[in-house]
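# Secondary and tertiary structure notes
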Amino acid sequence: QVQLVESGGGLVQAGESLNVSCTASGSVTSIYAMGWYRQAPGKERELVAETDRDGRTNYALAAVGRFTISRDNARNMWSLRMLSLKPEEAAVYYCQARVITVVGAYDYWGQGTQVTVSS
């Protein structure tokens, strides 16, 4: 089992920056990849950025060049640095951890943190 807790959401104005972080506990050594997703009202949850324990990263097209995902393995934490936020990027941001086991892959989710971007 892996438990995830997000922090750092809040209210910013369009064009401002914000960091969100996720701290993992429990079976953290089993985490293979971690990511950030977001879900706006009435929309499906979508990938924002992801990274794996080998350091590879993947970003949604809208995030390229403005968002950076980083990891702190010593503290079992990963963060998302978001620059130049847009009002349409207001959403609940969820951190995700993917665990690979002998019987398959499992995703764990945090409770979400609200990011509000005012125009």
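To keep things clear, this report deals only with the structure shown in the data block. Once a new chain begins, its residue numbering starts again from 1 and follows that chain's sequence as written. Only residues with pLDDT of at least 70 are given local features in this predicted model, and only at 80 or more are side-chain atom pairs given and counted; all residues enter the totals for whole chains, interfaces and linings. Calculated side-chain values reflect all of the structure's heavy atoms, with hydrogen atoms and water omitted.

Once that is clear, we can look at the packing of aromatic side chains. Two aromatic rings, drawn from Phe, Tyr or Trp (for Trp, its six-membered ring), form a pair once their centres lie within 6.5 Å of each other, and the interplanar angle then sorts them: stacked below 30 degrees, edge-to-face above 60, tilted otherwise. Scanning the model with the defined rule gives one aromatic pair in all. Measuring from centroid to centroid gives 5.0 Å for Y37 and W109, while their planes differ by 75 degrees, and the two rings are edge-to-face. Placement of the pair is Y37 in strand β4 (residues 31-39) and W109 in strand β10 (residues 104-109), with a sequence separation of 72 residues. Remark: exposure states derive from per-residue accessible area (1.4 Å probe, protein chains only) relative to the maximum for the residue type, with buried under 20%, exposed over 50%, and partly exposed in between. For W109, a relative accessible area of 35% puts it in the partly exposed group. Geometrically, a lysine NZ or arginine CZ counts as sitting over a ring once it is within 6 Å of the ring centre and also within 35 degrees of the ring normal. It is R45 that lies over the ring of W109; its NZ or CZ is 4.6 Å from the centre. Numbering of helices and strands runs from the N terminus, with a helix taken as a DSSP run of H or I at least four residues long and a strand as a DSSP run of E at least two residues long.

The salt bridge criterion pairs a side-chain nitrogen of Lys or Arg with a carboxyl oxygen of Asp or Glu, the two atoms within 4 Å. Using the criterion set out here, one finds seven salt bridges in the structure. Residue E89 is joined to R38 by a salt bridge in which the shortest nitrogen-to-oxygen separation is 3.7 Å. Separated by 51 residues along the polypeptide, E89 in the loop between β8 (77-82) and β9 (91-101) and R38 in strand β4 bring together distant segments of the chain. Note on E89: relative accessible area 3%, which makes it buried. Relative accessible area serves as the criterion here: at 11%, R38 is assigned to the buried category. It is possible to trace a salt-bridge network through shared partners that takes in R38, E46, R66 and E89.

On to the nonpolar core. Residues belong to a common nonpolar core when they are buried Ala, Val, Leu, Ile, Met, Phe, Trp, Tyr or Cys residues joined through side-chain atoms within 4.5 Å. Residues L4, W36, W78, L80 and M82 are the most contacted members of the largest nonpolar core, which totals 28 residues. Elements that contribute at least two residues to this core include exactly β1 (2-7), β3 (18-26), β4, β5 (46-52), β7 (67-72), β8, β9 and β11 (113-118). In terms of residues, this core owes the most to one element, β9, which gives five residues. Two residues form a contact once any of their heavy atoms are found within 4.5 Å. Filtering out sequence-adjacent residues up to four positions away, L4 remains in contact with C22, T23, A24, W78, C95, Q96, A97, Y108, W109, G110 and Q111.

Turning our attention to unusual backbone geometry. Excluding glycine, residues mostly have negative phi values, and the peptide bonds linking residues are mostly trans. Positive phi, normally seen in glycine, also occurs at N76, with a value near 50 degrees. With respect to the secondary-structure elements, N76 resides in the loop between β7 and β8. The partly exposed category is assigned to N76, whose relative accessible area is 28%. Of note in this structure, S84 is not a glycine but carries a positive phi near 50 degrees.

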